[in-house]
Amino acid sequence: MTIKVLSGDHAVAYAVKLCRADVIPAYPITPQTLIIEKISDFVNDGEMDATFMPADSEHSAMSMAIGAEATGVRTFTATASQGLALMHEMLYVAPQTRLPIVMANVNRSLGAGSGIWAEYNDSMPERESGWMQAYVEDSQEALDTIIQAYRICEDPRVMLPMMVCLDAFVLSHTVEKVLVPEQAEVDSFLPRFRPLNVLDPADPKFINIAVSPAHSMEMRYQLDHQMRQAAPMINLIDEEFGKHFGRRYGGMIERYRMSDAEHALITLGSATSTARVAVDQLRAQGRKVGLIKLRYMRPFPHQEIQEAVKGVKALGVFDRSIALNGFGPVFTEVRNSVYRQGMPVTNHIAGIGGRDLTIPTFVQMFDKIEQSANALERECYWHGLRGEM
Amino acid sequence: MAAQTIAEAAIYEGLEAQAFPFFGAERRGAPVMAFCRIDDKKISVRTQVYQPDMLVVMDESLLDIEPVADGLKPNGSAVVNTKLSPDKVDLGIRVKCVSVDATTVALEMLKAPIVNTAILGAMAKANDIVTLESIKKAIASRFGEHLGEEAGRINAAAAQAAYDRAVLGESAAQRPIVKKRAWTPTWQDIPPGVALGQADMNGLKVGPGSAFQVRTGTWRTRTPRYLREKCVRCAKCWFICPDAAISRESDDHIQIDYDHCKGCGVCASICPAKAIEMAKGAKL
Ligand code: SF4
Ligand code: SF4
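Residues numbered from 1 in each chain as written. Chains lettered and ligands numbered in written order. Predicted model: local features only at pLDDT ≥ 70, side-chain atom pairs only at ≥ 80, totals over all residues. Heavy atoms only, no water.

Novice: What should I look at first to understand the overall build of chain B in this one?
Specialist: Tallying secondary structure elements over chain B gives 8 helices and 12 strands in all. Dimensions of chain B, computed from the C-alpha atoms along their principal axes, are close to 65 × 50 × 35 Å. With 284 residues in all, chain B has 42% of them scored as buried. When contacts within chain B are restricted to residue pairs at least 6 apart in sequence, long-range pairs at least 24 apart make up 58% of them. When the accessible surface of chain B is split by element, carbon and sulfur atoms take 55% of a total near 15400 Å². Taken together, the 36 basic and 33 acidic charged side chains of chain B have centroids lying 4 Å from each other. (Helix = DSSP H or I, 4+ residues; strand = E, 2+ residues; numbered from the N terminus. Buried < 20%, exposed > 50% of the residue type's maximum accessible area, 1.4 Å probe, protein only. Contact = heavy atoms within 4.5 Å. Areas by Shrake-Rupley, 256 points an atom, 1.4 Å probe, with all protein chains shown as cover. Lys, Arg positive; Asp, Glu negative; His and termini not counted. Charge placed at Lys NZ, Arg CZ, Asp CG, Glu CD.)

Novice: What should I look at first to understand the environment of B:Ala244 in this one?
Specialist: By the element assignment, B:Ala244 lies in the loop between helix 7 (236-240) and strand 10 (246-248). Judged by relative accessible area, which is 62%, B:Ala244 ranks as exposed.

Novice: When you look at the site of ligand 1 in this model, what are you seeing that I'm missing?
Specialist: Residues and elements named next belong to chain B. Every residue close to ligand 1 is listed here: Pro224, Cys241, Pro242, Ile246, Cys261, Lys262, Gly263, Cys264, Gly265, Val266 and Cys267. Structurally, ligand 1 is housed in the largest cavity. For the shell around ligand 1, the class distribution of residues is 8 nonpolar, 2 polar and 1 charged. (Near = heavy atom within 4 Å. 1 Å grid on protein atoms, 1.4 Å probe; cavity = no way out; pocket = protein on both sides within 12 Å on 5 of 7 lines; lining within 4 Å. Sits in = over half its atoms within 2 Å of the grid points. Nonpolar A, V, L, I, M, F, W, Y, C, P; charged D, E, K, R; others polar.)

Novice: When you look at the domain arrangement of chain A in this model, what are you seeing that I'm missing?
Specialist: The figure often quoted for interface size is the accessible area lost as the parts come together. Residue and element names in this part refer to chain A. Entries for chain A in the domain assignment read domain 1 (2-245) and domain 2 (253-382). Counting residues at the interface gives 29 residues for domain 1, matched by 25 residues for domain 2. Note on domain 1 versus domain 2: buried area summed over both sides is about 2200 Å², and carbon and sulfur give 53% of it. Counting across the domain 1 and domain 2 interface gives 6 salt bridges. Ionic pairing is found between Lys293 and Glu137, a salt bridge with its closest N-O pair at 2.9 Å. Contributing elements (two or more residues each) for the side of domain 1 that touches domain 2: strand 6 (132-135), helix 6 (139-154), strand 7 (162-167) and helix 8 (213-245). For the side of domain 1 that touches domain 2, the element with the highest residue contribution is helix 8, accounting for 6 residues. When the residues that make up the side of domain 1 that touches domain 2 are grouped by side-chain class, the tally is 17 nonpolar, 6 polar and 6 charged. (Domains from an automatic or database assignment. Buried area = accessible area lost by both parts, 1.4 Å probe. Salt bridge = Lys/Arg side-chain N within 4 Å of Asp/Glu carboxyl O.)

Novice: It is not clear to me how the environment of A:Asp367 should be interpreted in this structure. Could you clarify?
Specialist: Mapping A:Asp367 onto the fold places it in helix 12 (residues 359-374). On a C-alpha basis, the gap between A:Asp367 and A:Asp41 in space is 48 Å, while along the polypeptide they are 326 residues apart.

Novice: Just to check I follow, could you spell out the interface of chain B and chain A for this structure?
Specialist: Between chain B and chain A, the contact holds 28 residues from the first and 31 residues from the second. Roughly 2300 Å² of surface becomes buried between chain B and chain A when both sides are summed, with 56% attributable to carbon and sulfur atoms. Remark: the boundary between chain B and chain A carries 3 salt bridges. On inspection of chain B and its partner chain A, the count reaches 12 residue pairs in polar contact (both at pLDDT 80 or more). Counting only elements with at least two residues in the side of chain B that touches chain A, the list comes to helix 1 (2-12), strand 1 (16-22) and helix 5 (132-147) of chain B. Among the elements that line the side of chain B that touches chain A, the one with the most residues is strand 1 of chain B, at 7 residues. Its residues assigned to classes, the side of chain B that touches chain A comprises 13 nonpolar, 9 polar and 6 charged. Taken together, the 2 bridges between strand 8 (residues 175-180) of chain A and strand 1 of chain B define a ladder with antiparallel strand orientation. (Polar contact = N/O pair within 3.5 Å; in protein donor to acceptor, adjacent residues only side chain to side chain. Pairing = 2+ DSSP bridges.)

Novice: Quick question: what am I supposed to make of helix 1 of chain B here?
Specialist: Note on helix geometry: an α-helix contains 3.6 residues per turn, so any two residues three or four positions apart are oriented the same way. Helix 1 of chain B sits mainly inside the fold: 9 of its 11 residues count as buried. Along helix 1 of chain B, the residues that are buried comprise B:Ala2, B:Ala3, B:Thr5, B:Ile6, B:Ala7, B:Glu8, B:Ala9, B:Ala10 and B:Ile11. Those residues of helix 1 of chain B hidden inside the fold are in contact with strand 1 (2-7) and strand 8 of chain A together with strand 1, strand 2 (33-39), helix 4 (116-126) and helix 5 of chain B. Phi turns positive one or two residues past the end of helix 1 of chain B, at B:Gly14, with a value near 85°.

Novice: Would you take a moment to explain the site of ligand 2 for this structure?
Specialist: The environment of ligand 2 is made up of B:Tyr226, B:Cys231, B:Val232, B:Arg233, B:Cys234, B:Ala235, B:Cys237, B:Cys271, B:Pro272, B:Ala275 and B:Ile276. For the shell around ligand 2, a count of residues per class yields 10 nonpolar, no polar and 1 charged.

Novice: It is not clear to me how the nonpolar core should be interpreted in this structure. Could you clarify?
Specialist: Nonpolar side chains in soluble globular proteins tend to be buried together. All names here are of chain A. Formed by 63 residues in total, the largest nonpolar core has its most connected members in Val12, Ile39, Met48, Phe76, Met132, Ile146 and Met162. Looking at this core element by element, the count peaks at 9 residues for helix 8. The residues contacting Ile39, other than those within four sequence positions of it, are Ala13, Val16, Ile24, Met48, Phe52 and Phe76. Met90, Val279, Ala308 and Val330 belong to the second largest nonpolar core, which has 62 residues in total. (Core = buried A, V, L, I, M, F, W, Y, C linked by side-chain atoms within 4.5 Å.)

Novice: How do you make sense of empty space enclosed by the protein when you look at a structure like this?
Specialist: Rolled over the atoms, a probe with the dimensions of a water molecule shows which regions are left empty. Residues and elements named next belong to chain B. Within this structure, the stated rule accounts for 3 cavities of 30 Å³ or more. Lining the largest cavity are 14 residues, and of these Cys241, Ala245, Cys261, Cys264 and Cys267 lie nearest its centre. For the lining of the largest cavity, a count of residues per class yields 10 nonpolar, 2 polar and 2 charged. Roughly 90 Å³ of volume is contained in the second largest cavity. As for the second largest cavity, its lining consists of 13 residues, of which Cys231, Arg233, Cys234, Cys237 and Cys271 are closest to the centre. Taken together, the residues that form the lining of the second largest cavity break down as 12 nonpolar, no polar and 1 charged. (Points joined across faces, edges and corners; volume = space filled by probe spheres on them.)

Novice: What should I look at first to understand the sheet that holds strand 6 of chain A in this one?
Specialist: Strands in a sheet are paired, the pairing made by backbone hydrogen bonds, and the direction either parallel or antiparallel. Residues and elements named next belong to chain A. With mixed pairing, the 5 strands of this open sheet are ordered in space as 4-5-7-6-12. Looking at strand neighbours, the two that pair on one side only are strand 4 (76-79) and strand 12 (296-298), the edges of this open sheet. For this sheet the average axis-to-axis angle between neighbouring strands, irrespective of direction, equals 20°. Sheet topology places strand 6 next to strand 7; 4 bridges connect them, and they run parallel. Bridging from a neighbouring strand, Tyr135 pairs with Cys165 of strand 7. Contacts from helix 2 (residues 33-44) reach strand 4 and strand 5 (102-107) within the one sheet, and its direction differs from that of strand 4 by about 145°. (Axes fitted to C-alpha atoms, helices over the stretch in contact; angles between N-to-C directions.)

Novice: What am I meant to see in the sheet that holds strand 2 of chain B here?
Specialist: Taken in spatial order, the 4 strands of this open sheet run 1(A)-8(A)-1(B)-2(B), and their pairing is antiparallel. Strands with a single pairing partner mark the edges of an open sheet, and in this sheet they are strand 1 of chain A together with strand 2 of chain B. Each strand axis lies, on average, 35° off the axis of its neighbour in the sheet, ignoring direction. Pairing geometry for strand 1 of chain B and strand 2 of chain B, over 7 bridges, is antiparallel. Within strand 2 of chain B, the residue paired with B:Pro21 across the bridge is B:Ala34. Helix 1 of chain B rests against strand 1 and strand 8 of chain A together with strand 1 and strand 2 of chain B of the sheet, and its axis sits at about 175° to strand 1 of chain B.

Following this line, the structure appears as structure tokens:
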């Protein structure tokens with residue numbers, strides 16, 4: 001193990017190298033560019049035995065990743081925002097054809113009102129695509145989650161692609177201390193890739209065939225089943241990761257000061273860090289607050305959340321994007337999970353377009369959550385908004 | 001790069017650190033901000049820094065353009081790249097101040113006015129949290145990785161030279177710290193259609209779509225000089241200027257808006273009559 005000082009983007013690049021990805025097709029886009037620049041350096045300097053393929057667009061990059069993965073090699077690509085949107089069409093091919101590609105998506109708000117800062121309106125719409133989705137909190141988790149992702153995706157019981165999402169700038173360009181494991185450690189955790197189907201002239205196969213109504217329903221159900229299967233595997237592999245590397249993340253969710261919490265907030269991504277500080281401050285004042293960090297949007301940790309909120313009097317859900325005239329996507333999922341449990345659930349929209357998330361922002365969320373335990377004033381709050389809601 | 005390097009140096013000291021830039025419409029030479037947090041325990045907070053303990057100003061011309069010391073703690077410190085002695089550095093607040101002519105150090109040792117490694121040496125003089133040794137090690141690592149071992153070595157030497165030449169004192173507090181007036185409309189007041197033009201706020205043109213407050217002219221290192229008598233009034237410079245800093249008079253002679261001209265020089269290179277020449281420096 002070596003201690004390095006890495007940005008989230010570079011942590012991802014180191015992880016991809018350690019995972020011995022064979023083919024990396026990619027197209028640059030801020031704030032993801034540091035990832036593929038670093039990987040192309042590794043390849044160019046002979047530190048990484050891989051083929052780096054500059055693509056002419058993200059649509060092509062995803063198409064190339066699909067083609068490469070179908071020949072049985074380990075593939076990686078990375079994108080952000082408009083780049084992910086341009087991939088949209090091709091994204092759907094990978095899950096159904098059971099190609100366990102790993103991709104990093106640096107969450108950046110999708111224009112118009114173009115910005116380069118963090119928002120989840122790029123990746124959240126893709127949770128229907130059949131890709132698993134992880135959201136990470138810091139550079140270390142970015143590195144570790146990429147390593148876990150290859151294990152999870154390539155497990156014969158899963159065989160699905162995953163996008164590992166990290167926040168623009170707050171993670172992608174922030175340097176911090178990262179423990180980089182040795183190659184041998186990763187090799188013993190991550191076996192060589194054994195594909196399900198391989199494009200092989202000696203054994204010809206079609207993949208991604210046209211499917212009639214007579215078969216597509218069963219195919220889709222199979223995929224849905226597969227996604228549900230993935231959650232226990234994620235928990236298991238995180239545990240195994242812990243045994244190997246001495247740190248783990250709780251699998252699908254992490255509970256922070258939840259054991260006797262009466263008012264809880266669910267967060268994801270880098271927001272969790274600052275929310276932890278808010279929880280510590282409120283705990284010091286004797287308030288019974290706790291935090292649940294959501295690590296995956298797909299598969300969704302329905303059971304884990306139901307377990308974690310037993311005994312909670314009021315629950316709040318942080319969202320960094322919104323389905324217009326609806327709620328934040330995390331809220332919608334969480335409320336579906338816990339609706340039988342009956343506690344009030346409120347939605348807390350903040351950090352849109354990269355607006356700075358401060359400790360008082362989270363304190364304010366907890367105030368509203370506590371208040372909702374007595375009287376549900378409204379279901380959805382925007383924090384840090386100028387003008388009356 | 002400087003913020004990242006100081007973070008790396010702190011980690012060598014066994015501390016925890018975090019460094020990040022604030023990105024806007026950046027380009028080389030444009031004013032940018034970067035932040036660094038150092039602590040003896042794991043850093044969880046990920047907000048921007050609003051009240052720094054230490055302020056580092058890489059370019060003293062910023063003192064006249066931005067309220068750089070806004071938020072600086074009264075018991076904090078400052079490191080400023082300047083030829084002036086600390087007591088002549090007017091931050092608008094009296095704090096412990098280290099002044100260093102990092103530009104001269106960089107020109108001497110790196111043969112380029114890139115001051116971020118030299119300034120790091122001066123930072124070691126302003127605090128006792130991160131030592132010069134760790135800073136030099138971090139420079140060798142960070143710059144060495146990007147630019148090769150030799151670059152790492154000479155940049156570390158630049159830090160040492162800046163440390164040796166830096167002067168410790170106290171800053172002056174003559175000028176008032178005037179916060180910039182920002183346009184902060186409510187959601188009801190945002191013009192619809194993501195078509196933000198210039199909003200008029202008490203006679204001030206502001207807003208994301210307005211170039212009024214963004215004086216890109218301060219980025220200039222070369223300045224176009226217009227030689228009116230040579231001009232054939234072809235309007236090529238007017239068409240090509242990327243900042244719309246050239247306007248046409250009624251007879252198609254031109255005028256240059258020096259508040260916004262960035263000094264890129266494309267007007268001079270396209271002019272068929274050599275009626276624009278680029279002079280060295282930010283002013284004519
Ligand atoms: S130097 Fe560049 S910015 Fe300035 S007037 Fe000429 S073209 Fe425009
Ligand atoms: S390009 Fe030269 S000649 Fe043409 S209008 Fe501009 S200054 Fe005059």
